[in-house]
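# Per-entry structural report
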Amino acid sequence: QVQLVESGGGLVQAGGSLRLSCAASGRTFSSLAMGWFRQAPGKGREFVATISVSGGYTSYEDSAKGRFTISRDNAKNTVYLQMNSLKPEDTAVYYCAAVNRIRAPKFDYEYDYWGQGTQVTVSS
């Protein structure tokens, strides 16, 4: 089993920045590919970013490219999502996810473990 705990969400003005963190426990973190997803009110969960076990491969949803950066620190068992130039449409609950594989999946059904989510609200 893997436990994931997100933090770092909050209220920010448009154009501002936030850094989300996701701390993992229960399994060797360096064996886990990690992803970030989000769910806005009334919408389905959507992919934001993913990172491979080594951190050497990352992938982003189109609207996140150039604004968001996913990274990981295997020594701290933590994955991060740095979000810059935030827009009101980025408002959502952000979820961290993990799966025991090397490559970094983009679909939520490929992940086995999920955090409880952290709210991000961007005001205009």
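Anyway, here's the lowdown on the structure attached to this text.

The rules behind the values
Residues numbered from 1 in each chain as written. Predicted model: local features only at pLDDT ≥ 70, side-chain atom pairs only at ≥ 80, totals over all residues. Heavy atoms only, no water. Helix = DSSP H or I, 4+ residues; strand = E, 2+ residues; numbered from the N terminus. Rg over C-alpha atoms; globule rule 2.2 N^0.38 Å. Buried < 20%, exposed > 50% of the residue type's maximum accessible area, 1.4 Å probe, protein only. Contact = heavy atoms within 4.5 Å. Areas by Shrake-Rupley, 256 points an atom, 1.4 Å probe, with all protein chains shown as cover. Lys, Arg positive; Asp, Glu negative; His and termini not counted. Charge placed at Lys NZ, Arg CZ, Asp CG, Glu CD. Core = buried A, V, L, I, M, F, W, Y, C linked by side-chain atoms within 4.5 Å. Salt bridge = Lys/Arg side-chain N within 4 Å of Asp/Glu carboxyl O.

## Quick look at the overall build of the chain
A count of helical and extended segments in the chain gives zero helices and eleven strands. When the elements of the chain are put in sequence order from the N terminus, they spell out β-β-β-β-β-β-β-β-β-β-β. Relative to the globule expectation of 14 Å for 124 residues, the C-alpha radius of gyration of the chain, 13 Å, shows essentially globular dimensions. When its C-alpha atoms are laid out on the principal axes, the chain stretches across 40 × 25 × 25 Å. Among the 124 residues that make up the chain, the fraction classed as buried is 47%. When contacts within the chain are restricted to residue pairs at least 6 apart in sequence, long-range pairs at least 24 apart make up 59% of them. Carbon and sulfur atoms make up 48% of the accessible area of the chain, which totals about 6000 Å². A distance of 4 Å separates the average location of the 13 positive side-chain charges in the chain from that of its 10 negative side-chain charges.

## Some points on the nonpolar core
Formed by 30 residues in total, the largest nonpolar core has its most connected members in Leu4, Met34, Trp36, Val79, Leu81, Met83 and Tyr94. Among the elements of the structure, β3 (18–25), β4 (33–39), β5 (45–51), β7 (68–73), β8 (78–83), β9 (92–99) and β11 (118–123) are those that each provide at least two residues to this core. Non-local contacts of Leu4, meaning those with residues more than four positions away in its chain, are made with Cys22, Ala23, Ala24, Met34, Cys96, Ala97, Ala98, Tyr113, Trp114, Gly115 and Gln116. Of all hydrophobic cores here, the second largest spans six residues; its members include Ala33, Phe47, Ala97 and Val99.

## Some points on the pattern of salt bridges
As enumerated under the stated definition, the model contains seven salt bridges in all. We note a salt bridge from Glu46 to Arg38, for which the minimum N-O separation is 2.5 Å. Note on Glu46: relative accessible area 31%, which makes it partly exposed. The residue Lys65 makes a salt bridge to Asp62 at a minimum N-O spacing of 3.1 Å. Residue Asp62 is classed as exposed on the basis of its relative accessible area, which comes to 61%. Within this structure, Arg38, Glu46, Arg67 and Asp90 form a network of salt bridges that share partners.

## A short note on the environment of Ala98
Mapping Ala98 onto the fold places it in strand β9. The spatial distance from the C-alpha of Ala98 to the C-alpha of Phe29 is 9.1 Å, given a sequence separation of 69 residues. The residues touching Ala98, leaving out its near neighbours within four places in the chain, are Leu4, Leu32, Ala33, Met34, Tyr111, Asp112 and Tyr113.

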